[in-house]
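Descriptive structure summary
If you want the building blocks of each chain, they are given just below.
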Amino acid sequence: TGPMSLECLGNLLRITLSAEYFEDKYLSLFVVDQSGTAREIDEAMAAQCGYTVTHTTSRSIEFRASALSCHSYLEKDVFTVTIQIKASHAPDMSNATTHLESASCHYGLWSPRELICESNYMEVSVRKEVPQAIKDFVQDQPEDWTLVFPEAKAEEASIWQIVLHQPEEKRALLVSNAWSAGYGLNTTDSRVLLRVPYTAAQVQLVEVGVLLLAQQAARLCRSNQMPFLQDQGITFSVLRSSTFYKYQWVILMVDTAVACPVDGVDYTNKTITWTVPKYIPPLSAGVTSFKDVLVEAGVDLLKLSAKEMASRKYVLLNELKAITMKIPIGAEGGYYKTSVSNGQLGVKYTINLFLEHQWEDNKWRLTKHTIIREIETPFEQAEVAITNNLNLSERLMTVMVGTFLPDVELVNLTIEGVPVAVPEAVQHGYLIHRARYANGSKAYVIEVPLDAPSIKKEYMREDMRAYTLNVTLTFITYPSSETFVVPVTALSAVKDAVLPSARGFCDGRNLHLIITHGNVDQNWLPFVSDWHLTQESAQKYNYILRDNGTHLEISVPFLSPHVSYEGFHTSAIKSSFHLTLKDGITLAQRRDFSVSCIFSPSELIQCLPNGTVIITAIKLVGGEDLDTALLVLRDRQCKPSLVTENTATFKFNVNTCGTSRKFNSTTMTYENEILYFRPGSDTPIYQLKFLCSYGVKQTVDVPYESKKNPPPSIKPEFGCLVLSLKIFKEKSYSEPYQESEYPVVKYLREALYFEVELLQPKDARLDLNLDDCWVTNSQSQDSLPQWHILIHGCENNKDSYRTVFHKVNYSLRVKFPQHLKRFEVRMFTFVQGTSLLQE
């Protein structure tokens, strides 16, 4: 219980460090010897001294120690191991918490020879055998032989040296040299120990054959043919050695060969098959008889009964030449873990098997061989499921990514190219939840408002908009610290498109088009045919273009290059202006608007009193091939003085250009016509007649009588008036401060723009006038001090910066200019003596 749990597992001790307690902490592990000295465990020291540190599927940390590990305390049949754990939230281990744990395990059934194949080391321990004759012999001069072997002067039962058997030579190492080479050597009262890291230079890889009957052997026997034997080689990590140890005045030698399998695993038909030969030549030198005693197997160092194995669908085969375990991939006892290969996500099934084989032979009597083998299946790529749900009532896009195994954590998101840690994602509008399932797996749920800046919005058709979420998720696996990314693209179509709308009207000389923005035209641009309408290009033709964010207003003079003329009658001209909104990226046509109005033909002709005539000819729709520059008057020498694509303007005197005249008693009429001839033809295809009439000079008597009218009077009355007082941000009076923006912070001499409006009644006969306006430094209008900014409707002439009135003109918002008063006041502060009363 608590941060650590302990288990005695035969000749091994297991201590498990709780993931809940130690997760997200930096750890250092130490072993403590009998003198109380703590020694930090690293990979080399662990392999030499009999320690193994691994991570479990639950992200706990597992520490295993051999009964004969370097710092074990042995007393009779009990071995004791003491470990120290330091845990800190900082990489430099500052402010670390120290935990000390001591555990004792009983292990009293030692075999004459015991071998352990751990994941990081091989260990062999053998019982000391001393012949009876030597035990009873008394040596009267024990110091004589030490002159021959001065290296063997150590304590009574110490190891003297080890001889390594290699194919090319035998090499002798003294104990100190063997320790420097990474070997672990030790003796107890009854045993000699050798521990070998798999990485030791003298370790050899040896192939051990297993004679297996081929699959068709039975069929061959039935057909009276000789079966053949197939030799399947399994590689062992082997060290053949002899260890010399001292007993009283005698030096004895013992065989300390050790061998552990490093392969023998096959993955077929969704099954793991692990084969271990029974007869291992490096361990059987000089053996002439061999007999099985016991074969047991299990998972995570726990032995399983035949019934438990059957329930898990494990198969344990104790055959003549080999022991075989068959485990279905995915079976209970193993676990799946996340793996990353070339950036691709995948899974591997891992199971920590162990096998204990005991046999008797004529050399060792009983040997116990314990093999701990973590088996991992090959990488299998996995697909990440991404589901997208739309909550229209909340306007939320909800994306579920996963499921993932428990060893995966989401660490950051890349939003619009910027990596964002998970805790900071909420600042970008992203809410991230973790969905956990009963089997330990999990998925990540990301909620993003449709109006978040990183959501791309695109108009599709009619009333549909497409919302696209593009985000890249970065995950990390524990404890391997591999990273992989999952790009997430989620698309939702929503019927919330508001298309721009327009209304048009005309005054005497201009066509006006007011377009109300929708929510899809942020990147749409105004075009007149293929001409992009901008502020600069509009000024070139004296067009007016305004955009206040909610409305786009275009005003075009009646006689403009981009106005179309659709009909011409003596009393009216139908004129139209067409505008197209195009996609700013693709230039695809999105919306068309137009305004058409009837204008008086008198707009085209001016008959000046001095006899000058100015007349404009227009090209009608359908006459696109007409070249306005080729229009002439009756006298073909009279050509237009100003030409546009659609108009031609002539300016001439009534006595020129072939003008004819007619008289009657009251008027003099001048007549001419504008003509268009095709080249080489004398018959006009365009003819526009016009005339100017002037009154004949005459005297007219106008009676006039002066009448005195009474002076106007104003009768005071009381009534219910509704008024508003607003402060605006700019001189244009287009955007007032909203209630949420108060208090408004301004500095000295910065301008505030006030507007007082009569809201009710809407009576055009009423005028709004301001009498007195004053400022206080609190919300109470009667508080002191006070400063008047208007006195009897006029500026206070005592002000350093006087109040400035602004004229109010008619507009779409202002229907009754006389109902509004606008004025500008420069910021000041109240002072008393030299002290500020308020900022």
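Before reading further, recall that the structure is shown in the block above.
Reference entry: report on the structure contained in this document. Nothing here was measured: the structure is a model prediction, and the numbers come from that model.

Below, the discussion takes up the packing of aromatic side chains. Under the definition given, this model contains 25 aromatic pairs. When the centroid spacing of 5.3 Å and the interplanar angle of 85° are considered together, the rings of Trp531 and Tyr541 count as edge-to-face. Of this pair, Trp531 sits in strand 42 (residues 531–532) while Tyr541 sits in the loop between helix 8 (535–540) and strand 43 (544–547), and the two are 10 residues apart along the sequence. An aromatic cluster of three or more residues is present, and its members are Phe404, Tyr444, Phe475 and Phe484. Across from the ring centre of Phe527, 4.7 Å away, lies the NZ or CZ of Lys582, which sits over that ring. Here the guanidinium or amino end of Arg636 rests over the ring plane of Phe677, the centre of that ring lying 3.5 Å away.

Another aspect to go through is the state of the cysteines. Such a bond, covalent and formed between the sulfur atoms of two cysteines, is termed a disulfide. With the rule as written, the count across this model stands at six disulfides. At a sulfur-sulfur separation of 2.0 Å, the disulfide partner of Cys117 is Cys260. Because the sign of the S-S torsion sets the handedness, a value of about -90° for the bond joining Cys117 and Cys260 places this disulfide among the left-handed ones. Taken together, the residues span a long stretch of sequence, with Cys117 in strand 10 (residues 113–117) and Cys260 in strand 19 (residues 258–261) at a distance of 143 residues. Each member of the pair Cys117 and Cys260 is classed as buried.

A cis geometry characterises the amide bond from Tyr478 onward to Pro479, with omega recorded as 5°. Structurally, Pro479 is set in the loop between strand 37 (464–477) and strand 38 (483–494). Between Leu784 and Pro785 the backbone carries a cis peptide bond, its omega angle lying at 0°. With respect to the helices, strands and loops of the structure, Pro785 is situated in the loop between strand 57 (773–776) and strand 58 (786–791). Look at Met93: it is not a glycine, yet its phi comes out positive at around 60°. Mapped onto the elements of the fold, Met93 is located in the loop between strand 8 (78–88) and strand 9 (97–106).

The next subject is the pattern of salt bridges. Evaluated as defined, the whole model comprises 31 salt bridges. The residue Glu755 makes a salt bridge to Arg822 at a minimum N-O spacing of 2.8 Å. You can see Glu755 sitting in strand 56 (residues 751–760) and its partner Arg822 sitting in strand 61 (residues 820–826), a full 67 residues away along the chain. For the residue pair Glu755 and Arg822, the accessibility class agrees, reading buried in each case. Each member of the salt-bridge network shares a partner with another, and the members are Glu7, Arg14, Glu62, Arg64 and Glu118.

Here the focus is the sheet that holds strand 5 (residues 51–55). One open sheet holds the four strands; their spatial order is 1-2-6-5, and the pairing between them is antiparallel. Of all the strands in the sheet, the pair left with one neighbour each is strand 1 (4–9) and strand 5. Between one strand and the next, the sheet's axes are offset by a mean angle of 20°, whatever the strand orientation. Taken together, the six bridges between strand 2 (residues 12–17) and strand 6 (residues 61–66) define a ladder with antiparallel strand orientation. When the sheet's bridge partners are listed, Leu13 is paired in strand 6 with Ala65.

A few words now on the sheet that holds strand 48 (residues 605–607). On the basis of which strands lie adjacent, the open sheet formed by four strands has the order 48-49-51-50 and antiparallel pairing. Each edge of the sheet is formed by a strand with only one pairing partner; in this case those strands are strand 48 and strand 50 (642–643). When strand 48 meets strand 49 (residues 612–618), the two strands line up antiparallel, connected through three bridges. Within the sheet, the bridge partner assigned to Gln606 lies in strand 49 and is Ile614.

Reading the values: the criteria
- Residue numbers restart at each chain and count upward from 1, following the sequence in its written direction.
- Owing to the predicted nature of the model, reporting of local features is limited to residues with pLDDT of at least 70; listing and counting of side-chain atom pairs is limited to 80 or more, with chain, interface and lining totals taken over all residues.
- Side-chain numbers here rest on the full set of heavy atoms in the structure, without hydrogens or water.
- Two rings from Phe, Tyr or Trp (for Trp, the six-membered ring) form a pair when their centres are within 6.5 Å of each other. A pair whose planes differ by under 30 degrees is stacked, one over 60 is edge-to-face, and the rest are tilted.
- Under the scheme used here, helices are H or I runs from DSSP no shorter than 4 residues and strands are E runs no shorter than 2 residues, and both carry numbers assigned from the N terminus.
- Charge over a ring is defined by NZ of Lys or CZ of Arg lying within 6 Å of the ring centre and within 35 degrees of the ring normal.
- The disulfide definition used here is simple: a pair of cysteine sulfur atoms within 2.5 Å.
- Only protein chains enter the accessibility calculation, which uses a 1.4 Å probe. A residue is then buried if its area is under 20% of the maximum for its type, exposed if over 50%, and partly exposed in between.
- Just to be clear on terms, a salt bridge is a Lys or Arg side-chain nitrogen sitting within 4 Å of an Asp or Glu carboxyl oxygen.
- DSSP calls a pair of strands paired once it identifies at least 2 bridges connecting them.
- Axis lines are fitted through C-alpha atoms, for helices just across the contact stretch, and the angle between N-to-C directions can take any value from 0 to 180 degrees.

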